[in-house]
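Spelled out from the first residue to the last, the chains are:
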Amino acid sequence: MNISVVIPLLNEEESLNELYDWIAKVMQSNRYSYEILFIDDGSTDTSWEVIEKLSEKDKNVKGIRFQKNYGKSQALNAGFLEVQGDVVITMDADLQDSPDEIPELYNLINTKGFDLISGWKKKRYDSKIRKNIPSKLFNAAARKTSGLKLHDFNCGLKAYKKQVVKSVDVRGEMHRYIPVLAKNAGFTKIDEKVVIHQARKYGVTKFGMERFINGFLDLITIWFISKFGKRPMHLFGLLGTIMFAIGFLFAFYLGIDKLFIHTEGRLITQRPEFYISLITMTIGTQFFLAGFLGEMILRTKNNEKRYTITSKINL
């Protein structure tokens, strides 16, 4: 199979038929073998009923339905587990991503040999205050932290080699950082392509300003995981040892000073150095314990169930 199109969605009943017609037209005109996988992330409208009707009309349409809203990352993870195409395209269901980009994205992966191509919505139709400016700040921080020179980490339109989506584990809110996850997994041929961004035609956006706050927090998380995810003791143990050593040296100095130098001076507990020593050793011990517990959790963790699927179509 040439292409798998993965589309996570939440309450997009108005756009699904139009999106399907557009994708099918592009696929058929280019003679691709394909599948369109819709992941209904707990919609409360008739989105699932629309997907069922589309699947009856076209066996290339497949569906996964979540019991409730678990988030875009979980939806993408469920889709990635099922895809069969050599090239995997992800896009949003709100018609702001253009299926006309698919042939060029496919060629960049299939012919040019890229592992991942990320869309760059260079010209946007979103609110400048609520989305564009925060997005620029967010992407600048992501570039600095990850080392990837991408302009739009959060663009839903991306193309992947099949091996990439089978190698990355998308969880939490990490869908923004799939290129970083791919890089950490050893896939280095990552680039971007300027894509068309269309004004929203139906409904309202499902994301607010909080996504940028969450995005920055996730950026810190993914930096830590990429550096120390498999060896937390290397960070916390080092910090703990340094802090404890500093505190111990202060305590040693105070003891020598009181016993041999200023024996008639003020009490140790009246000196600020005593409290610096005590707090520093306590913090150092806590850091060391955090690293030890991290190592224990890492070695005993199970693959917990992150979402519940209630229905599947053509899978």
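About the criteria used
- Residues numbered from 1 in each chain as written.
- Predicted model: local features only at pLDDT ≥ 70, side-chain atom pairs only at ≥ 80, totals over all residues.
- Heavy atoms only, no water.
- Helix = DSSP H or I, 4+ residues; strand = E, 2+ residues; numbered from the N terminus.
- Expected span 1.5 Å × (residues − 1).
- Buried < 20%, exposed > 50% of the residue type's maximum accessible area, 1.4 Å probe, protein only.
- Core = buried A, V, L, I, M, F, W, Y, C linked by side-chain atoms within 4.5 Å.
- Contact = heavy atoms within 4.5 Å.
- Patch = residues over 30% accessible without salt bridge, like charges linked within 9 Å, V, L, I, M, F, W, Y side chains within 5 Å.
- Areas by Shrake-Rupley, 256 points an atom, 1.4 Å probe, with all protein chains shown as cover.
- Salt bridge = Lys/Arg side-chain N within 4 Å of Asp/Glu carboxyl O.
- Lys, Arg positive; Asp, Glu negative; His and termini not counted.
- Charge placed at Lys NZ, Arg CZ, Asp CG, Glu CD.
- Pairing = 2+ DSSP bridges.
- Axes fitted to C-alpha atoms, helices over the stretch in contact; angles between N-to-C directions.

Visitor: Would you take a moment to explain helix 9 (residues 232–261) for this structure?
Guide: Note: α-helices contain 3.6 residues per turn, so residues at a spacing of three or four share the same orientation. Counted at 1.5 Å a residue, the expected span for helix 9 with its 30 residues is 44 Å, and the 42 Å between its end C-alpha atoms agrees. Taken residue by residue, helix 9 has Pro 232, Met 233, Leu 235, Gly 237, Gly 240, Gly 247, Leu 254 and Asp 257 as its buried positions.

Visitor: So what exactly am I meant to see when it comes to unusual backbone geometry here?
Guide: For residues other than glycine, phi is negative in most cases, and the peptide bonds are mostly trans. One non-glycine residue with positive phi stands out, namely Arg 31, at about 60°. Within the secondary structure layout, Arg 31 lies in the loop between helix 1 (16–29) and strand 2 (34–40).

Visitor: Help me out: how do you make sense of the nonpolar core in this one?
Guide: One broad rule of soluble globular proteins: the nonpolar side chains tend to lie buried together. Ranked by internal contacts, the top residues of the largest apolar core, which has 38 residues, are Val 5, Ile 7, Phe 38, Ile 89 and Met 91. Elements with a contribution of two residues or more to this core: strand 1 (3–9), helix 1, strand 2, helix 2 (47–57), strand 4 (87–90) and helix 4 (102–110). Looking at this core, the element that brings in the most residues is helix 1, giving eight residues. For Ile 89, the residues in contact, after removing those within four places along its chain, are Ile 3, Ser 4, Val 5, Val 6, Ile 102, Leu 105, Leu 157, Lys 158 and Ala 159. In this structure, Ile 64, Val 170, Tyr 177 and Ile 178 belong to the second largest nonpolar core, which totals 33 residues.

Visitor: Quick question: what am I supposed to make of the environment of Glu 82 here?
Guide: Mapped onto the elements, Glu 82 comes out in helix 3 (residues 72–82). Distance in space between the C-alpha atoms of Glu 82 and Ile 64 is 9.6 Å, their sequence separation being 18 residues. Discounting chain neighbours no more than four positions away, the residues touching Glu 82 are Glu 35, Leu 37, Ile 64, Lys 166, Lys 312 and Leu 315.

Visitor: Would you explain a positive patch on the surface in this entry?
Guide: Judged by side-chain charge, Lys 144, Lys 149, Lys 183, Lys 227 and Arg 231 come together as a positively charged surface patch. Within the fold, Lys 227 resides in helix 8 (residues 210–228).

Visitor: I tried to follow the sheet that holds strand 5 (residues 116–120) on my own but got confused; where do I start?
Guide: Two strands in a sheet stick together by hydrogen bonds in their backbones, pointing the same way (parallel) or opposite ways (antiparallel). Across the sheet, eight strands lie side by side as 7-5-6-4-1-2-3-8; this open sheet has mixed pairing. Of all the strands in the sheet, just strand 7 (190–194) and strand 8 (309–313) have a single pairing partner and so form its edges. Between one strand axis and the next, the sheet turns through 15° on average, direction left out of account. Bridge count for strand 5 against strand 6 (residues 158–161) is three bridges, and the pairing is antiparallel. Note that in strand 6 the partner of Leu 116 across the bridge is Tyr 160. Lying over the sheet, helix 2 contacts strand 1, strand 2, strand 3 (61–66) and strand 8, oriented at roughly 155° with respect to strand 3. Across the sheet, helix 4 is in contact with strand 1, strand 4, strand 5, strand 6 and strand 7; its angle to strand 4 comes to roughly 140°.

Purely geometric stuff here, so don't read any function into it on its own.
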